[in-house]
4 protein chains.
Amino acid sequence: MDPLVIGGRKLGSRLIMGTGGAANLAVLERALVASGTELTTVAMRRLDAGGGPGVLALLERLGIEALPNTAGCRTAAEAVHTARMAREALATDLVKLEVVADERTLLPDPIELLDAAEQLVDDGFTVLPYTNDDPVLATKLAEAGCAAVMPLGAPIGTGLGIRNPHNIEMITAASPVPVVLDAGIGTASEAAQAMELGCDAVLLATAVTRASDPEAMATAMRLAVEAGHLAHGAGRIPRRFWAQASSPGSE
Amino acid sequence: MDPLVIGGRKLGSRLIMGTGGAANLAVLERALVASGTELTTVAMRRLDAGGGPGVLALLERLGIEALPNTAGCRTAAEAVHTARMAREALATDLVKLEVVADERTLLPDPIELLDAAEQLVDDGFTVLPYTNDDPVLATKLAEAGCAAVMPLGAPIGTGLGIRNPHNIEMITAASPVPVVLDAGIGTASEAAQAMELGCDAVLLATAVTRASDPEAMATAMRLAVEAGHLAHGAGRIPRRFWAQASSPGSE
Amino acid sequence: MDPLVIGGRKLGSRLIMGTGGAANLAVLERALVASGTELTTVAMRRLDAGGGPGVLALLERLGIEALPNTAGCRTAAEAVHTARMAREALATDLVKLEVVADERTLLPDPIELLDAAEQLVDDGFTVLPYTNDDPVLATKLAEAGCAAVMPLGAPIGTGLGIRNPHNIEMITAASPVPVVLDAGIGTASEAAQAMELGCDAVLLATAVTRASDPEAMATAMRLAVEAGHLAHGAGRIPRRFWAQASSPGSE
Amino acid sequence: MDPLVIGGRKLGSRLIMGTGGAANLAVLERALVASGTELTTVAMRRLDAGGGPGVLALLERLGIEALPNTAGCRTAAEAVHTARMAREALATDLVKLEVVADERTLLPDPIELLDAAEQLVDDGFTVLPYTNDDPVLATKLAEAGCAAVMPLGAPIGTGLGIRNPHNIEMITAASPVPVVLDAGIGTASEAAQAMELGCDAVLLATAVTRASDPEAMATAMRLAVEAGHLAHGAGRIPRRFWAQASSPGSE
């Protein structure tokens, strides 16, 4: 696969992983290896809570770059604060910016998100915002200097797939920065579909970590992302209402 | 991947290819190689018409087993006759049984199809019928002794994907023989979805041969079939209406 | 609404009702009145079982024509026998022909159905067959002399709506006889959609009789069928990918 | 139908109409009458341009309340200015607030929209904002004091229906104010679906004004909105994977 360049990094894999939801570190390790990922999110708030230093060591051992996120933040101020702590702790300018509005939907707060993104860009961060699927907000985030936009397929953890392919397609048609489908993916075909809609990468966590067999699902996601990316570039056949034989004698 | 056993053959690839629609033999060769297929259909009526001996030689050279089909047949009698000619010409008991009702839809004729299937099974053929997505007809074909059932996703050449996943799921839930999704696939995510619905393999032709880049699309389909098969076995997460954080601090 | 002519009857309502599933006759009466139906199915086998004479009396009192059905029949022979009993008992040539293959799907058996349809047409019945959504079988049933074809939206009682609008549209595009969407409807919008796809009428039972408020749902279905029929004739606007303002200053 | 109370008005019809796209005033009149609407938007910018006084006179004659909109505005400042002009010109505190981000999508600008809504509520307006389908923004608009929220089904004029029913359902599940589905509707079943998802009303314009037969489509929309509203309240049957007979003998 052609590499993805995002925030100045050249990534050989277009699958970005999350670490949440894994039963234990051994399971997580096998899943990460199977996924082929080169970039993986780590929840800074989980590290605080004493739940996570093992994850950072694991990523380092596997040669996977850590992408700290601001999961659990509800305001721009909280998110900016968390991002700065992450930069200090992990010595990275990368941040997956999450500012969610409530616990029931875990949907991004568009106002706080844009505010936080602007502050963090000004502060020198490479900002990857988790956003809803609104093409207008995606444009604003890109204009604010974000290194990518990461629209959801469906709310976090729902496994509902891509609820609004039309919005994702409008985003990828117009985005000046890479588009990463983030959240909502439940199974491999949906990861492939994201790429076919023109996304540059897919980010997922629980679809793998909470599958019955995380390692097998991680492999499936790796293959699906490659498949969708290739299919997107390969120029699919048009859709027709009536049948068309593959040859004069049909097939 | 675990091998697929169909009609006594053990196949390492779960992607069955068709040859129709390719611009020329060189393009077809690259696509077949990229697809990793071990079984590929050949239209007997096209061979008659002088269009095809090169295809057979190509398959032989690539070590791909030929699966003669009865494309273009409209009655059980025609299809049985064509199958017998194929057996003689190709020295194989395998046949992809197609009996279509009309040119506009190229949909199977359920009555003629079942009749032909019964005759060919009686005559010692290993019968792989191209059928609609009716679970009842699929059961009848299996009971008649077919080695697999091959329901459509959508009419041939439409690229509409799987129009009725519910029917496909009812078929795979009940089928005593392998289920091969045949026809309608337009892009990789749809091939993955077929496998996630429990299909044992996917058969496609023009989605690859008529793509802008057949070789890239063939690779995409190979990966997608593997991805979908793995995902099906990996136990996907349940779908939820409301969000669920991946950890107490969410992700 | 323009009347529907089916089997020589001119019907002012395009909603055909079923009687199964109602809590009691009083509920059924209110639902039937609210639905505005002029034609309603009665299960002959239920009458046998002593469960139904009240239904016939109710229909007579309401001035609704009874449409006996062969629900519960599994073979052509059974269905033909049941239809003949119905003709004698109800003095009608109308029959809703059901020949289902198994209890789990209640899907029509295409072979037995066509066989029974041919026999009953020969015997002078006005045959309204409950069929799957296969356009080829629909054509065969019409060619066999059926007065209408009644494809399913989804299996009986599932409430899954129209699983395959593409098939329904292929059927309505080609059918020489009225098309009645029968089975699968769960709510009003789906009844409207059936009509927009070109169906001439909708037949439903449990979507009304098992709703929390059968009378309100019956009214909803009546309105939805009218709405969908009008919308089908009114020439809807085309679908576009990008927006279009309703005027130079937009709206 | 139970009346809808919105901004202190009691409305007997749950269909709000737009006036854009009509061929002429006579066509518009017939469509408005057929729709049964009691509230109809008027584009203030179109009035400026000399295109509209006839519309206001028409609404007055028909006894339909005018709902001025700020179509064509791109910033909060423009929208607030336009709303104030409308209040003066039409002597109404009602305003349909539109602040769109670009011409290609005509999607709302979430930042400018919320800003304008806050200003107009402070200024005593009864604000009905046209918004995207983001549940978080809908909550913010309601908290800001809007009298209703009006999420889109799809971008204006696309006729794509409700692209994300899941989002609409999340909005109606949580909204403290009436929810009006605004934009994207192409045909009657989609208007019914909006109501079944829990919307309190539907607003549409070109689906009627640009249909081949605007009057017939207006009638269809009127019936569909009633049907969907009734169906929503009637408690639909659950969806099932396998069939369920309507009685022991099935139906």
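That block above? That's the structure.
Analysis parameters
Residues numbered from 1 in each chain as written. Chains lettered and ligands numbered in written order. Predicted model: local features only at pLDDT ≥ 70, side-chain atom pairs only at ≥ 80, totals over all residues. Heavy atoms only, no water. Least-squares fit on C-alpha atoms with pLDDT ≥ 70 in both. Contact = heavy atoms within 4.5 Å. Helix = DSSP H or I, 4+ residues; strand = E, 2+ residues; numbered from the N terminus. Expected span 1.5 Å × (residues − 1). Buried < 20%, exposed > 50% of the residue type's maximum accessible area, 1.4 Å probe, protein only. Arc of directions from axis to C-beta. Polar contact = N/O pair within 3.5 Å; in protein donor to acceptor, adjacent residues only side chain to side chain. Pairing = 2+ DSSP bridges. Right-handed = clockwise from strand over helix to strand, strands pointing away.

**Q** Quick question: what am I supposed to make of the relation of the copies chain C and chain D here?
**A** Put simply, the second copy of the chain is the first one after a rotation about an axis and a shift along it. After a rotation of 180° and a shift along the axis of 0.0 Å, chain C superposes on chain D with an RMSD of 0.0 Å. The superposition of one copy onto the other is thereby described by a two-fold rotation axis. Relative to the rotation axis, the C-alpha of Ser189(C) is the closest in chain C, positioned 2.3 Å from it. Both copies share a contact surface, since 100% of the interface residues of chain C are interface residues in chain D too.

**Q** Explain helix α5 (residues 110-122) of chain B to me, please; I cannot follow it from the model alone.
**A** Along an α-helix, a turn takes 3.6 residues, which lines up residues three or four apart on a common side. With 13 residues, α5(B) should reach 18 Å at 1.5 Å per residue; the first-to-last C-alpha distance of 18 Å fits that figure. Three or more residues of α5(B) are buried, namely Pro110(B), Leu113(B), Leu114(B), Ala116(B), Ala117(B) and Leu120(B). The buried residues of α5(B) all sit within an arc of 165° when viewed along its axis, so they share a single face. In the core, the buried residues of α5(B) are packed alongside α4 (76-90), β6 (94-97), β7 (126-131) and α6 (135-143) of chain B together with α5 (110-122) and α6 (135-143) of chain C. Capping the start of α5(B) is the job of one residue whose side-chain oxygen sits 3.0 Å from the backbone nitrogen of Ile111(B): Asp109(B). Of the residues one or two after α5(B), Gly124(B) is the one with positive phi, at around 90°.

**Q** How should I be thinking about the pairing of strand β10 (residues 201-204) of chain D in this particular structure?
**A** Strand residues, when the strand is regular, have side chains that alternate between the two faces of the sheet. Residues and elements named next belong to chain D. By the alternation rule, side chains of β10 split into Ala201 and Leu203 and Val202 and Leu204, which are all buried. With three bridges connecting them, strand β3 (residues 15-17) and β10 associate as parallel partners. Across the sheet, isoleucine 16 pairs through a bridge with leucine 203, a residue of β10. Examined bridge by bridge, strand β9 (residues 180-182) and β10 share three bridges and lie parallel to one another. Bridge pairing in β10 links valine 180 to alanine 201. In this view, the connection linking β9 to its parallel neighbour β10 by way of helix α8 (residues 188-196) has right-handed handedness.

Scope: geometric values only; no functional claims are made or implied.
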